[in-house]
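Summary of structural features
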Amino acid sequence: MPKKGMRTLLFTFKSKQQPSWPSPPPGDVSSTASYSLASTPRRNTQSMIDRSIALADLMVTKWNPDTPGYAQVTSLFHESRQEAMELIKCVFNLQKSMHLIGHDDPKNNMVRAHNLMQIAMKRLQKEFYQILSTNRAHLDPESVSARSSRTSSTSSILSDYDDNTTDDDITQAAGDSISELEQVSILAMDNLRSIAECMIASGYGKECLKIYTIIRKSIIDEGLYKLGVEKISQTHFNKLTWDSQDLKIQRWIQATKIALKTLFAGERILCDHVFEASEAVRESCFAEISRDGANLLFSFPEVVLKTRKSPEKMIRVLDMYTAIVENWSEIEAVFSSDSSSAVRTQALNLLPKFADAARSMLLEFEAAVQKDSTKAAVAGGGVDPLTIYVMNTLSCLSDYSAVVNEILANHPVPDTSRFPDSHIEMSSPGAAPAPAISIHVAWLILVLLGKINERSKLYRDASTSYLFHANNLQHVISQVRRSNLKHILGGSWIGKQEKKMKQLVASYDSAAWGAVHESLPRDAAAISAGEAKERFKKFRGKFEEAYRKQSACVVGDQKLRDEIKECVARKLVPRYREFYRVNRSRVGGGGREGSLSLVIRFTPEDVANYLSDLYFDDGGGSESEASSLSFPSPSPSLS
């Protein structure tokens, strides 16, 4: 089977060889050789023009779309691609003939040729429309964009063969490398390109573009609608609740990725292929079909940015900023031409607007934390809602550290001279300064812990005050450990904070259980039986009092809860066990159990069991109170 050189189906363009001069109609001319006007002697030019017009007349008249019957209801390209290619050859040669007809035209060949050209163009317009309409499923942008890389090695299968190749030949040749659906798609794309080249070369490009623009623009509009991208007025958006606004923003973020990587990219590929012969035409065409859809896509962020800039929107604004940045290569590739420059500019202009909005919200958030003056003590010394709110926000921000560093790059940072050494790992002399986000995060945590220190004074009982402080610091440490904050604050930050935590636990143990410890003698064997009896009673009273107070306290973090229990039990249970072992038999009226129980209420095992039941959170309290303040979690990968 004769072949031309391989050429890439979707991307590489090589001009088609000029079609050879058609053989004369059967019975009209005996010669079977191809004819070329360039090599034909002048005296034969008129004869060749006559033959060209005669051959075109036969082919064009046969497929005249206005003729009632077979030609009117049948698709030429569907019925016989070989004959369709012959028609296109006739049109190319007819156009050549029209250029060669002189002023002296006794046979009115120009009129005949012009009429035939109009009929042929009407036929090709109909074929072009039919192929686009009936192959919507095979030419959808998602399939085209996904197929582009897979078909690169097998593309141009159609164009590798001459125009006499049958559909069966093409299908058989392509079958080993691509699926049946892809074969249909490639065939449709190649037929569209053949028609477009012929119509543009014949001066009917405007008509071709009109058909293509109407159909493919509707594909983009429909695709965006399915992705949830729709026009929304500023007034309507402002009236929505934050939850509704947030849902629309999340849909836009996801839609942007899909629209750029599949919808617009697929249309770009298809347009480039169909109008491969003319760069100006394909750029103009793609700009026309994509302009309204792209404007709709990139106008939604403007609506969001014009609403009230509240801190709860900060994460979503960063998500939208990231969606543009991460898909910028697609924006530049798809909207690469001068005709589409307005789209690139529209998308690019969003970035500083997002940055300004995010920076404004971050500063508002910082100010809100500093101005918070809540005077309500958290029941049981649990985690304060402000701590949960702040740490949820900072944990989310840590996932955008690179973006936040960019938007804070030229913004003044807090005075680092006010930072305690334990609060931020400062750079060594001569090293690069700490990133802006590190300084801001450290500053916010410092402000937060300052607020916690103030609120700890709301508790009359010192032990609850220490426990409140420990609960909140532990929540901060846990959030840092579980998020990217551990990278932002530096490797030694957690260790320094955990050292402070141990000090708080020790202070709590002393305040909460110190009186219980003091009720036991230093030397269990160095006291009299009477004193031992009094010590048992005193221990009982102090332990019951401490237990009653601490039963109202909660420690939601299991690690901290175990640490506190271990700290208390490690010091108390062994001392009481020794005291109990030595003095149990010395008190209680000669060892009678009834009398003994009046003096000794708790065994060492009882003490250990009572301690193990303390500090459990019932699931309510501060975590629930803070849920309404928590920022939304960041979007999954607009992967």
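This write-up is about the structure you can find in this document. (Residues numbered from 1 in each chain as written. Predicted model: local features only at pLDDT ≥ 70, side-chain atom pairs only at ≥ 80, totals over all residues. Heavy atoms only, no water.)

1. Side note on the overall build of the protein
In terms of helices and strands, the protein carries 26 helices and zero strands. Residues counted as buried form 50% of the 639 residues belonging to the protein. Carbon together with sulfur atoms contributes 51% to the accessible area of the protein, which is approximately 30200 Å² in total. (Helix = DSSP H or I, 4+ residues; strand = E, 2+ residues; numbered from the N terminus. Buried < 20%, exposed > 50% of the residue type's maximum accessible area, 1.4 Å probe, protein only. Areas by Shrake-Rupley, 256 points an atom, 1.4 Å probe, with all protein chains shown as cover.)

2. A word on the packing of aromatic side chains
Each aromatic ring pair is described using two quantities: the centre-to-centre distance and the angle formed by the ring planes. Inspection of every chain in the model, using the stated rule, returns 21 aromatic pairs. Measuring from centroid to centroid gives 5.8 Å for F286 and F335, while their planes differ by 40 degrees, and the two rings are tilted. Placement of the pair is F286 in helix α12 (residues 279–305) and F335 in the loop between α14 (328–334) and α15 (341–371), with a sequence separation of 49 residues. The buried category is assigned to F286, whose relative accessible area is 0%. Accessibility expressed as a relative area gives 0% for F335, which makes it buried. Centroid distance F536 to F579: 4.4 Å. Interplanar angle 45 degrees. Geometry classified as tilted. Of this pair, F536 sits in helix α22 (residues 529–550) while F579 sits in helix α23 (residues 558–583), placing them 43 residues apart in sequence. In terms of burial, F536 and F579 fall into one category: buried. The aromatic ring of F286 is capped on one face by R268, whose charged end is 4.6 Å from the ring centroid. (Phe/Tyr/Trp six-rings, centres within 6.5 Å; stacked < 30°, edge-to-face > 60°. Lys NZ or Arg CZ within 6 Å of the ring centre and 35° of its normal.)

3. A short note on the packing of helix α19 (residues 462–482) against helix α21 (residues 493–518)
Relative to each other, α19 and α21 sit at 160 degrees, their axes nearing to 9 Å. Taken together, the axes of α19 and α21 are roughly antiparallel relative to one another. Considering only the axes of α19 and α21, their crossing is left-handed. Taken together, the residues of α21 that come into contact with α19 (itself represented by A462, S463, Y466, L467, H469, A470, L473, Q474, V476, I477, V480 and R481) are W493, I494, Q497, E498, K500, M501, L504, S507, Y508, A511 and A512. Split into classes, the residues belonging to the contact of α19 with α21 amount to 15 nonpolar, five polar and three charged. (Axes fitted to C-alpha atoms, helices over the stretch in contact; angles between N-to-C directions. Parallel < 35°, antiparallel > 145°, perpendicular 65-115°, else oblique. Left-handed = near helix turned anticlockwise from the far one by under 90°. Contact = heavy atoms within 4.5 Å. Nonpolar A, V, L, I, M, F, W, Y, C, P; charged D, E, K, R; others polar.)

4. Re the packing of α21 against α22
Contact pair α21 / α22: the axes reach a minimum separation of 7 Å and the direction vectors enclose 155 degrees. It follows that α21 is roughly antiparallel to α22 by the angle criterion. Contacts from Y508, A512, W513, A515, V516 and E518 of α21 reach α22 at R535, F539, K542, F543, A546, Y547 and Q550. Its residues assigned to classes, the contact of α21 with α22 shows nine nonpolar, one polar and three charged.

5. What about the side chain of Q346?
Locating Q346 in the fold gives a position in helix α15. Judged by its relative accessible area of 18%, Q346 is buried. A distance of 3.1 Å separates the side chain of Q346 from the side chain of N295, its partner in a polar contact. If sequence neighbours within four positions are ignored, Q346 has contacts with A294, N295, F298 and S299. (Polar contact = N/O pair within 3.5 Å; in protein donor to acceptor, adjacent residues only side chain to side chain.)

6. A look at the nonpolar core
The biggest cluster of nonpolar side chains holds 168 residues, and the ones touching the most others in it are F128, F275 and W513. Sequence-distant contacts of F275, that is, excluding residues within four places in its chain, are made with F128, A196, I200, C208, L209, Y212, V281, R282 and C285. (Core = buried A, V, L, I, M, F, W, Y, C linked by side-chain atoms within 4.5 Å.)

7. Thoughts on α22
Counted at 1.5 Å a residue, the expected span for α22 with its 22 residues is 32 Å, and the 31 Å between its end C-alpha atoms agrees. By the burial criterion, the buried members of α22 are A532, F536, F539, F543, A546, Y547 and Q550. Projected down its long axis, α22 shows its buried positions confined to an angular sector of 110 degrees, all on one face. (Expected span 1.5 Å × (residues − 1). Arc of directions from axis to C-beta.)

8. Some details on the pattern of salt bridges
Under the counting rule described, the total for this entry stands at 32 salt bridges. With a closest N to O distance of 3.8 Å, R535 and E531 form a salt bridge. Taken as a pair, R535 and E531 lie in helix α22 at a separation of four residues, close to a single helical turn. According to the relative accessible area criterion, R535 is partly exposed, its value standing at 21%. Among the ionic pairs, E545 bridges to K549, the shortest N-O distance being 3.9 Å. Here E545 and its partner K549 are both found in helix α22, four residues apart, which amounts to about one turn of the helix. Its relative accessible area of 31% is what places E545 among the partly exposed residues. The network of salt bridges with shared partners includes R81, D190, R193 and E276. (Salt bridge = Lys/Arg side-chain N within 4 Å of Asp/Glu carboxyl O.)

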